[in-house]
Each structure stands twice: as C-alpha cells, then as structure tokens.
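One-letter residues, chain by chain:
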Amino acid sequence: MSKQSATVETSYREALKEAIREAMTRDERVFLMGEDVGHYGGCYAVSKGLLAEFGPERIRDTPLSESAFVGAGIGAALGGMRPIVEVMTVNFSLLALDQIMNNAATIRHMSGGQFNVPLVIRMATGAGKQLAAQHAHSLEGWYAHIPGIRILAPATLEDARGMLWPALLDPDPVLIFENNTLYNLEGTLPENAVAVDIDKAKVMHTGNDLTIISYSASLFKCLDAAKALSREGVEAEVIDLRTLRPLDDATYLASIAKTHRALIVDEGWRSGGISAEISARIMEQAFYELDIPVERVCSAEVPIPYARHLEEAALPQVDTIIAAAKRMVSHG
Amino acid sequence: MGEFRMPSLGADMETGKLVEWLVKPGDRFKRGDIVATVETQKGLFEVEIFEEGIMGEPLVQAGQRVPVGTVLAVTHPEGAVAVTESTMQAPPGETAGKPSGPLETLSAPAATPPQPSLSAERVPCSPSARRLAAELGVNIEDVRGTGPHGAIQRTDVEMAAHHPAAPAETSVPSPTAPATSGTLQEGMRQAIAAAMSRSNREIPHYYLEMDIDMSRTLKWLEGENLKHPIRERILPAALLLKAVAKALQDVPELNGYWLDDHLQVKPEIHIGFAVALRGGGLITPAIHNVDRLALSELMKAVGDLIERTRAGRLRSSEMSDGTMTVTNLGDLGVRTVFGVIYPPQVALVTFGRIMERPWAEGGMLGVRRCVTATLAADHRATDGHRGSQFLDALDRHMQHPEAL
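My aim in this report is to walk through the structure given alongside it, one point at a time. Counting starts from 1 at the beginning of each chain's written sequence and moves along it residue by residue. Chains and ligands are labelled sequentially in the order written, the chains with letters from A and the ligands with numbers from 1. In keeping with the predicted nature of the model, local features appear solely for residues at pLDDT of at least 70, side-chain atom pairs appear and are counted solely at 80 or more, and the whole-chain, interface and lining totals rest on all residues.

So, on to the environment of H162 of chain B. Tracing the chain through its elements places H162 of chain B in helix α3 (residues 154-162). When the 9 C-beta atoms within 10 Å are taken as the criterion, H162 of chain B is described as exposed. Where helices and strands are cited, they refer to DSSP runs of H or I of at least four residues and of E of at least two residues respectively, numbered from the N terminus. Three classes are used. A residue is buried when 20 or more other C-beta atoms lie within 10 Å of its own, exposed when 12 or fewer do, and partly exposed in between, with C-beta atoms placed from the backbone.

Rendered as structure tokens:
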C-alpha cells in the first residue's frame with residue numbers, strides 16, 4: 001500500500017491508453033479495432049504506439065464502415081472475445097446504431113439469456129473544438145435511453161484510467177463516451193491506479209445551498225462555477241454522474257435532500273435529453289424536498305455552430321451556470 | 001393626495017384587522033390591485049384599491065384592528081394625473097354604527113372586470129417549504145414568501161417559525177391561524193347573528209312562492225352539456241342565477257338597497273351567492289354583473305367563487321357589493337326555503353331541490369321535474385304585486401333557457 005503515495009504526471013489521453021494497455025496485458029481475449037486506431041494511432045492519438053506493442057492481430061484498423069466493424073465487434077464478443085471498438089465520434093456512431101440497438105442491446109434478451117455481448121465501444125463526443133455540427137454533438141443521452149447497455153461518461157483522469165477494465169468485465173455491452181475536449185486534460189494519478197466503481201455517481205464538491213448535477217466535460221465548468229460561487233457565499237454541491245445508464249439516483253437525491261435545489265448541467269440538448277430524465281426522476285422521487293423548481297443549463301437547441309463565438313454561446317459555460325445558480329438561491 | 005381606508009366588507013362589519021400590507025410605500029398601484037389583506041369576523045379578505053397612484057406611508061401597521069373607515073394610508077396620484085375617484089373610499093367610518101354608509105359607498109363601478117384571474121390568487125409555495133411548515137406547525141397562510149414570484153420557500157417558513165406572524169404580536173393576543181381558529185368561527189356566528197337580528201327587527205318581510213316546471217329547461221341543459229367536456233358542463237344552479245338576473249331586469253325594484261328610508265335601485269346586478277363553509281357558517285360573496293355573463297362564464301364564476309370562499313381568498317369588492325342574494329339549498333333535499341334578507345338589500349330569492357312531482361296541466365296529470373322558488377322581499381321597498389311579477393318573470397325566463 002505504500003506505493004499508493006507514488007503518483008505520475010499524465011493526461012486523459014494517456015490514462016485511456018494505459019487502461020487499454022492494461023486490459024490487453026491482463027486478458028488475451030481483449031483487442032482494439034476501429035478507424036485509424038493502428039498505423040495512425042487513433043484520430044485522438046489514444047492508441048498511438050499500441051500497434052507496435054501488441055501487433056496487427058490485436059490492434060486492428062478497419063474499413064470506414066461503422067455498421068460493419070461494430071457488427072464485427074458484436075460477433076467477436078458473442079464468439080468469446082472481449083473487443084474494444086473505437087468509433088471516431090458519436091455522430092458517426094449513428095451509422096452503427098442499428099448494430100448497437102437492434103443487436104448488441106437485444107441479443108441477451110432475445111436469446112432468453114443464452115448469448116450475452118461483452119463488448120466495449122469507445123467514442124468521442126461533445127463540442128468545443130470548432131469541428132462543426134457533424135462532429136460536435138453530445139448524443140450520449142440518446143444512448144442512455146436504450147435498455148440492455150451501460151453508458152459511461154468518464155470526466156476525470158481517474159475514471160479515464162479506471163473505467164475500461166470493469167466495463168470489459170461487464171457481461172453486457174458498455175459504451176464509453178469521451179468528451180473530445182478532455183483528451184489534453186493533465187493531472188496526476190497514483191502510479192498503480194486501479195479499476196473504479198462504475199455504478200455510482202460521485203460528489204466532487206460539497207455544499208449545502210444547491211446541487212449541481214453534471215457529467216463529462218461540463219463537470220469542470222460546474223466545479224469552476226462552484227469555486228466562484230463559494231467566494232460569494234453560495235456553497236454548491238457538484239455531482240459527477242459518471243454513469244448515465246443506469247443512473248445512480250441515490251447520490252443526487254441524497255444531495256437534494258440536503259440542499260433542496262437542483263440544477264442540471266448537460267452539454268446535450270434540453271428537449272428529451274438526459275437532463276429531462278434526471279429532472280423527471282427528481283420530481284418523482286424528491287418532489288417534497290424541492291424548494292424551487294429544478295433548473296437546467298443545456299446546449300442551445302441548434303446544430304452546434306462552427307464559429308468559435310457561436311459555439312461558445314451554444315454550450316453551457318461557467319458564467320451561465322453561475323447565473324442560474326444565483327437565480328436559484330436568491331431571495332427577493 | 002388620497003386616502004385608503006379600512007373598507008366595509010358587509011353591513012355587519014364594524015372593525016377590521018389589517019393583517020398584511022401587500023404594497024410598500026412608494027409602490028405604484030392601479031385600479032383593482034390588491035393592496036392589503038384584512039381579517040374580519042367572517043375571515044380573511046384581500047382588499048382592492050379603486051384608483052391609480054403611489055402608496056404613501058402606512059398609518060396603520062399590520063396587526064392593528066381599526067374601525068371601518070379609518071385611513072390606513074395616504075396615497076399620491078401619479079404625476080399630474082388627477083384622481084377623482086376618492087369617492088370610492090368615502091369615509092363610512094364616521095357612521096360606522098349606522099348601517100347605511102359602507103355598502104353604498106363601496107359598491108364597485110360597473111366597469112369592474114367580472115372575471116379576475118385565478119392564478120393571481122394562489123400563493124406559490126415550494127413543496128419542501130409546505131412540508132416543513134407542516135412539520136413545524138406553521139400556518140402557510142401566515143408566511144411571507146421571498147422567493148421568485150413571491151414564492152414561499154424553506155427560509156421563509158423557518159423565519160416564520162422563529163418569529164411568529166407579526167400580527168399576533170402587535171394586536172389582540174389571538175392565535176395566528178385566522179382561517180381555522182375557533183375564535184373565527186365564533187366571530188362569524190356573532191356577525192351572522194347581528195345581521196340577521198337586524199334584518200328581522202327592521203325589515204318587514206313578505207314571502208311569495210312559486211313552483212316552476214323545470215322539465216323543458218333541464219332537458220335543454222342536458223342536451224347542451226352533452227356537447228361539452230365534463231369540466232365545462234353547466235349545473236342547474238347557474239341557470240337559476242341567470243334567470244334571477246333576467247327577472248331582476250324586468251322588476252328592478254328588487255335589486256338594490258333600502259337606505260335612509262328610501263329604496264335605491266342599483267343599475268348593476270351583483271348577486272350575492274350564499275356559500276356554506278365547511279367548518280360552519282355562511283358567506284355571501286357577490287358575482288358581478290350576472291346579467292351580462294354567458295352561462296359558461298357564470299358557471300366558471302360560481303365555481304371560482306366557491307373555491308375561493310372556502311380557501312379564504314375573497315376580495316373586498318365581492319364582499320361588499322351584492323345587490324341581492326340567492327340561496328340554493330337544493331342539494332340537501334329541502335323543498336322550500338324561507339330566507340332572511342341580508343340588509344340593506346331588499347330581496348332574497350331561494351331555491352329548494354329540483355325534484356319530480358305530480359303536475360297537472362291542461363286537464364292531464366304528469367310527472368315533471370320542478371323547483372320551488374321563494375321570494376323574500378322588503379315590504380318597505382316593494383309590494384306583493386311586484387313580487388309576483390318577479391316570480392312570473394323568473395318562471396318565464398326559466399322556460400326559455402336557450403335565451404339565458
């Protein structure tokens with residue numbers, strides 16, 4: 001245990017790579033496939049160097065056909081392998097939606113439990129890099145609608161490093177959403193970082209005045225907002241959902257029982273999004289705890305714009321979160 | 001400069017307790033705004049103001065009980081706009097002992113919008129605050145909300161729990177919960193006793209009764225109601241009210257006040273509608289301009305009024321300006337109601353239950369649905385002849401429901 005104290009400087013990208021490397025080393029059934037994951041090293045350079053280390057059998061470049069290689073991943077999982085399939089962005093994953101929804105999510109149920117699909121699909125999500133509307137959406141909330149799969153949204157280095165292994169151990173399909181603005185996030189991790197829990201949300205900042213519920217890249221905006229609010233005497237509790245399906249209701253409900261105010265911050269759209277689902281659950285389970293209506297800060301209901309100032313205006317930002325929080329705790 | 005006075009909310013009111021100011025000095029108000037709540041023996045009422053201007057310093061603080069007519073605050077006209085409606089609040093105070101003043105001077109002008117919105121009435125309160133109030137034994141009605149849109153939130157309840165409502169501290173040592181306290185029930189009984197004793201003492205009543213065949217009317221109504229969703233259906237009570245209003249147009253002498261030994265016929269038809277309270281007692285708030293309301297509007301107004309009466313959210317004008325009263329005890333199986341006129345009104349129309357009865361007509365005997373309408377009228381103001389004409393007109397209008 002003394003090794004716990006030793007830490008390493010790393011990044012979100014490196015943490016993901018380290019997690020893949022660990023999984024490949026621990027279990028020879030694990031392999032990675034996707035567009036440009038091999039020779040190019042992954043479009044976000046997550047798998048750079050892994051081809052040389054593990055060889056083309058286990059680091060496999062695929063044709064540009066999401067439906068085909070996700071389907072192949074499902075087949076491999078059914079055949080006893082533990083595939084990690086990388087899809088370049090969530091926008092392109094829609095081409096594989098049929099495979100994910102109609103096959104991966106259903107086979108266990110349609111086979112009466114005879115066949116399960118232990119598949120992990122990683123993909124980038126989110127805006128903020130001026131990649132325009134076909135590369136910048138946050139559709140993880142859509143996937144969280146589907147029974148039969150688990151949805152993970154690692155925000156921290158710890159989760160980037162620790163979520164993959166338990167995801168591979170899950171007998172059912174797991175989708176991991178990596179916000180594209182997080183790959184360069186730097187920080188430290190314990191040298192011998194280990195797997196993390198993938199069932200529970202986590203309180204990242206404590207406070208008694210209101211509960212801010214978020215996940216992925218928006219989490220850090222919420223934490224910045226909480227720090228600024230704290231300087232003005234407003235103590236926000238910030239919760240990282242971490243897992244979008246199944247949602248860990250208990251953690252945010254416990255917080256709301258303390259603060260009586262709930263603000264949901266989601267880079268997805270408001271209408272029919274995961275924020276709507278969370279809001280509904282709060283109404284169903286904590287109505288009598290609420291001292292003010294649930295509020296949401298979400299992305300503007302437009303295709304994410306290309307121009308920087310418009311893209312920034314379309315996304316939840318620290319100042320919009322602060323404004324909403326202040327509005328909720330003010331008394332006139 | 002104007003004066004905002006303790007209004008008279010009925011002939012039997014002598015004093016009122018200012019429970020809360022809803023405007024602050026310097027606030028702008030316009031005609032019809034609710035500026036204060038006042039507690040009388042009959043409950044808690046919202047008091048409107050009938051001019052425009054800017055509120056000055058209050059002369060009476062929340063919690064004080066003062067005679068009707070006492071100046072509660074001075075008001076200032078906004079800019080150069082002259083306000084000439086100070087007659088609206090002409091001081092009945094000097095004659096508080098005399099029943100004539102208040103009702104006369106406070107009768108709302110015909111321009112008063114007949115249907116105020118309901119949403120303005122409900123005080124928003126967060127679910128959590130409501131639960132906390134129940135836990136702490138705080139009456140939510142006594143809590144002043146400081147949240148968005150004046151919503152009551154947890155801090156407001158906590159504040160109220162630690163500092164019990166100001167009125168209780170500065171005035172009579174009565175408990176804070178006005179709407180439920182036993183003293184209110186007792187007070188209401190006293191008020192009803194005073195008004196009814198006065199009525200029986202002063203008003204020479206005469207009574208006329210008529211059975212009205214409701215078969216055709218109800219058949220028409222049932223047909224109409226089939227065309228509408230349940231929530232929009234019209235109850236026979238609304239037809240009765242409307243028919244009364246129409247008959248009053250034919251015999252206007254029954255619509256008004258007997259004041260200073262004279263009959264004052266009122267041009268507006270504001271029908272007081274007797275509402276029994278669940279905890280006992282009775283209030284007769286007025287539905288404004290019944291003759292001008294369509295049946296659907298009237299039905300809505302009746303529902304709204306009953307709901308607000310029972311919730312204790314009536315407005316001052318509704319309490320003070322009924323021009324005659326209708327009592328309907330039909331739901332209890334009573335056949336004939338012999339009522340006591342609410343002074344200074346000069347007539348009361350009462351209805352019993354609509355029930356099937358043997359009915360002879362044209363030499364034939366049949367079964368018809370009938371109601372007994374009874375007119376109690378002030379013999380100083382009208383005679384039996386006019387009273388009969390009224391009942392006759394009532395019957396006539398009832399037979400043509402499509403024209404109501």
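The discussion continues.
Here the contact rule is simple: place C-beta atoms from the backbone, and any two residues whose C-beta atoms are within 7 Å are in contact. Between chain A and chain B, the residue contacts involve nine residues of the former and ten residues of the latter. Charged means Asp, Glu, Lys or Arg here, nonpolar means Ala, Val, Leu, Ile, Met, Phe, Trp, Tyr, Cys or Pro, and polar covers whatever is left, Gly included. Of the residues contributing to the side of chain A that touches chain B, the split by class is four nonpolar, three polar and two charged.

Residues and elements named next belong to chain B. Here the rule is simple: two strands pair whenever DSSP picks up at least two bridges between them. Note that strand β10 (residues 256-259) and strand β11 (residues 262-265) share four bridges and pair antiparallel. Paired with W258 across the strands is L263, a residue of β11. Connecting β10 to the antiparallel partner β11 that follows it, the hairpin turn spans two residues, and D260 within it adopts a positive phi of roughly 50°.

A few words on the sheet that holds strand β1 (residues 2-5) of chain B. Residue and element names in this part refer to chain B. Across the sheet, four strands lie side by side as β1-β8-β6-β3; this open sheet has antiparallel pairing. The open sheet has two free edges, formed respectively by β1 and β3 (28-29), since each of these has just one partner strand. Sheet topology places β3 next to strand β6 (residues 53-58); two bridges connect them, and they run antiparallel. Bridging from a neighbouring strand, F29 pairs with G53 of β6.

Residue and element names in this part refer to chain A. Most of strand β11 (residues 236-240) sits inside the fold, with five of its five residues counted as buried. On β11, burial covers both faces: A236, V238 and D240 on one face and E237 and I239 on the other are all buried. Note that strand β9 (residues 202-205) and β11 share three bridges and pair antiparallel. From the neighbouring strand, V203 faces β11, where its bridge partner is I239. Two elements, strand β10 (residues 210-214) and β11, share five bridges in a ladder whose sense is parallel. Within β11, the position partnered with I213 by the bridge is I239. Crossovers are described as right-handed under a simple rule: with the strands pointing away from the observer, the path leading from the first strand over the helix to the second runs clockwise. As for the winding sense of the linkage, the β-α-β connection from β10 through helix α10 (residues 216-231) to β11 is right-handed.

Shape descriptors only; they carry no functional weight alone.
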